[in-house]
Amino acid sequence: MATKRKVIITCAVTGAIHTPSMSPYLPVTPEEITEAAIGAAEAGAAIVHLHARDPETGQPDQSPEAFAKFLPVIKQRSNVVVNLTTGGAPTMTIQERVRPAATFRPEVASLNLGSMNFGLFGMLNRFKDLKHQWERDYLGNKDIIFRNSFGDIEHILTTCAGNDTRFEFECYDTAHLYNLKYFHDQGLVKAPLFIQTVFGLQGGIGNHPEDVLHMKRTADRLFGDSYQWSVLGAGRHQLSIAAMAAAMGGNVRVGLEDSLWAGPGRLAQTNAEQVRAARQIIEGLGLEVATPDEAREILSLKG
Ligand SMILES: C[C@H](N)CC(=O)CC(=O)O
Ligand SMILES: [Zn+2]
């Protein structure tokens, strides 16, 4: 009996892109983030990608204190792999952004492989009733540059070097794959590389099947079989991109960080709902979802 390929589902439960007025289901408080992470793990996510927020306003909060309010509880109640953001919000400094990973030494942390224009303003057309002024200012800002210079990337790599933390390499375009190749050639990152290719975020590559193929072909050429491929599709393309990648040998990332939707015009009420939808596609393809320990094996995590 041929063994079924294991597919790693990552769930990014809240993020720093969407804001509370957009959906009543966006986890904001430490309790909500905890329940979202546990629910996603029980639905089949092997990895949860975590950001923190100010429980009052919902504004992104990158202070270790904010993360300390939910991390120990998640660890106590689940053996899900924890992936802490080093992206924070694109308006934060690199010093701010690296603090949670430097403090908590997680098994996995995200690492963004290039600077880019970060277009959130497109969502203003879709979400009109924004309660907070900061939401309007943040989303309406057409001058956001998500800064990830070679120096910034090196700063995160060297800061986390002794922690045995492995990275989820976020690549929003082919240039970012070449940047990763540079750091790999410098010996600053080690295989197996966990490459998260991001599709459909304004400022990065699009979400057309040709874009998915192009990123996959480029990664195959640069890294051969020394990497594990994963995809995330922003917004309403989340599941179609996941389906394509699962059929092409890849892993998938879902979650309210990058899509608020459960279907056309229907808000997802939980992150678990999106994990279950991804799982259905994966099992429908005759594949199996990886458990957290299987993901640890596949990605050589410290456990
Ligand atoms: C497109 C994703 N929201 C990118 C992300 O998750 C970045 C990070 O946290 O470092
Ligand atoms: Zn993130």
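- If you look the chain up in an unreviewed UniProt entry, it shows as 3-keto-5-aminohexanoate cleavage protein from Muricoccus vinaceus.
- UniProt, in the comment section headed Cofactor (unreviewed entry), describes the chain in these words: "Zn(2+)".

Structural notes on the overall build of the chain
Line of reasoning, step 1. If you tally the helices and strands in the chain, you get 11 helices and 14 strands.
Line of reasoning, step 2. Over its C-alpha trace the chain gives a radius of gyration of 18 Å, about what one expects of a compact globule, namely 19 Å for 303 residues.
Line of reasoning, step 3. Taking all 303 residues of the chain together, 56% fall into the buried category.
Line of reasoning, step 4. When contacts within the chain are restricted to residue pairs at least 6 apart in sequence, long-range pairs at least 24 apart make up 75% of them.

Things to note about the nonpolar core
Nonpolar side chains in soluble globular proteins tend to end up buried together.
Line of reasoning, step 1. Membership of the largest hydrophobic core comes to 32 residues, with the highest contact counts inside it found for I9, L50, F70, V275 and I282.
Line of reasoning, step 2. The greatest single-element share of this core, amounting to six residues, is contributed by helix α1 (residues 30-43).
Line of reasoning, step 3. Once you skip the residues sitting within four places of it in the chain, F70 turns out to touch P30, I33, T34, L50, H51 and A52.

Describing the sheet that holds strand β4 (residues 81-84)
Line of reasoning, step 1. Strands sit in the order β2-β3-β4-β5-β8-β9-β10-β11 around a closed barrel of eight strands; the barrel is parallel. The mean angle between the axes of side-by-side strands here comes to 25°, regardless of whether they run parallel or antiparallel.
Line of reasoning, step 2. Together, β9 (193-199), β10 (227-233) and β11 (251-254) form the strand contacts of helix α9 (residues 238-247), whose direction differs from that of β10 by roughly 155°.

Let's talk about unusual backbone geometry
Line of reasoning, step 1. Here the residue pair A191 and P192 is connected by a cis peptide bond, since its omega of -5° sits within 30 degrees of zero.
Line of reasoning, step 2. On the secondary structure map, P192 appears in the loop between α7 (174-185) and β9.
Line of reasoning, step 3. For R105, which is not glycine, the phi dihedral falls at a positive 45°.
Line of reasoning, step 4. Checked against the element boundaries, R105 lands in the loop between α4 (94-104) and β5 (108-112).

A word on the packing of α1 against helix α10 (residues 271-284)
To describe two helices that pack against each other, one gives the angle between their axes and the distance between the axes.
Line of reasoning, step 1. Axis separation between α1 and α10 bottoms out at 8 Å; the angle between their running directions is 20°. As far as their axial angle goes, α10 and α1 are roughly parallel. The two elements α1 and α10 cross, and the hand of that crossing is right-handed. Of α10, the residues touching α1 (which contributes A36, G39, A40 and A43) are N271, A272, V275, R276 and R279.
Line of reasoning, step 2. Its residues assigned to classes, the contact of α1 with α10 comprises five nonpolar, two polar and two charged.

Some thoughts on the site of ligand 1
Line of reasoning, step 1. Neighbouring residues of ligand 1: 14 residues in total, closest T85, S110, N112, E257 and D258.
Line of reasoning, step 2. At a separation of 3.1 Å, an oxygen atom of ligand 1 approaches a polar side-chain atom of H49.
Line of reasoning, step 3. S110 places a side-chain nitrogen or oxygen 2.6 Å from an oxygen atom of ligand 1.
Line of reasoning, step 4. Protein burial of ligand 1: of its 300 Å² of free accessible surface, 97% is covered by the chains.

Section: the packing of helix α6 (residues 150-159) against α7
Line of reasoning, step 1. Two numbers describe how α6 lies on α7: the axes approach to 12 Å, and their chain directions differ by 50°. Judged by the inter-axis angle, α6 sits oblique to α7. For the pair α6 and α7, the sense of crossing is right-handed. Across the interface between the two elements, F150, I153, E154 and L157 from α6 touch N179, Y182 and F183 from α7.
Line of reasoning, step 2. The residue makeup of the contact of α6 with α7, split by class, is five nonpolar, one polar and one charged.

Some words on α6
Line of reasoning, step 1. Burial in α6 covers these residues: D152, I153, I156 and L157. Looking down the long axis of α6, one finds its buried residues gathered within 135° of arc, a one-sided arrangement.
Line of reasoning, step 2. Packed against the buried residues of α6 are α4, β5, β8 (166-171) and α7.

A look at the environment of L180
Line of reasoning, step 1. Relative to the elements of secondary structure, L180 occurs in helix α7.
Line of reasoning, step 2. When the C-alpha positions of L180 and L111 are compared, they lie 10.0 Å apart, and in sequence the two are 69 residues distant.
Line of reasoning, step 3. Once residues within four sequence positions are removed from consideration, L180 is found in contact with L113, F169, V189, L193, I195 and F223.

Digging into the pairing of β10
Line of reasoning, step 1. With six of its seven residues buried, β10 lies for the most part within the structure.
Line of reasoning, step 2. Note that β9 and β10 share seven bridges and pair parallel. Opposite F194, over in β10, you have Q228 as the bridge partner.
Line of reasoning, step 3. On the question of chirality, the crossover connecting β9 to the parallel β10 by way of helix α8 (residues 209-223) is right-handed.
Line of reasoning, step 4. Sheet analysis places β10 next to β11, joined by three bridges and oriented parallel.

Here we look at the confidence of the model for the chain
Line of reasoning, step 1. Across the chain, pLDDT averages 97, with 100% of residues at or above 70.
Line of reasoning, step 2. Scored as a complex, the prediction yields pTM 0.98 and ipTM 0.99.

Cut-offs used in this document
- Residues numbered from 1 in each chain as written.
- Chains lettered and ligands numbered in written order.
- Predicted model: local features only at pLDDT ≥ 70, side-chain atom pairs only at ≥ 80, totals over all residues.
- Heavy atoms only, no water.
- UniProt positions renumbered as here; feature names shortened; annotations may be inferred.
- Helix = DSSP H or I, 4+ residues; strand = E, 2+ residues; numbered from the N terminus.
- Rg over C-alpha atoms; globule rule 2.2 N^0.38 Å.
- Buried < 20%, exposed > 50% of the residue type's maximum accessible area, 1.4 Å probe, protein only.
- Contact = heavy atoms within 4.5 Å.
- Core = buried A, V, L, I, M, F, W, Y, C linked by side-chain atoms within 4.5 Å.
- Pairing = 2+ DSSP bridges.
- Axes fitted to C-alpha atoms, helices over the stretch in contact; angles between N-to-C directions.
- Parallel < 35°, antiparallel > 145°, perpendicular 65-115°, else oblique.
- Left-handed = near helix turned anticlockwise from the far one by under 90°.
- Nonpolar A, V, L, I, M, F, W, Y, C, P; charged D, E, K, R; others polar.
- Near = heavy atom within 4 Å.
- Polar contact = N/O pair within 3.5 Å; in protein donor to acceptor, adjacent residues only side chain to side chain.
- Areas by Shrake-Rupley, 256 points an atom, 1.4 Å probe, with all protein chains shown as cover.
- Arc of directions from axis to C-beta.
- Right-handed = clockwise from strand over helix to strand, strands pointing away.
- pLDDT = per-residue confidence, 0-100.

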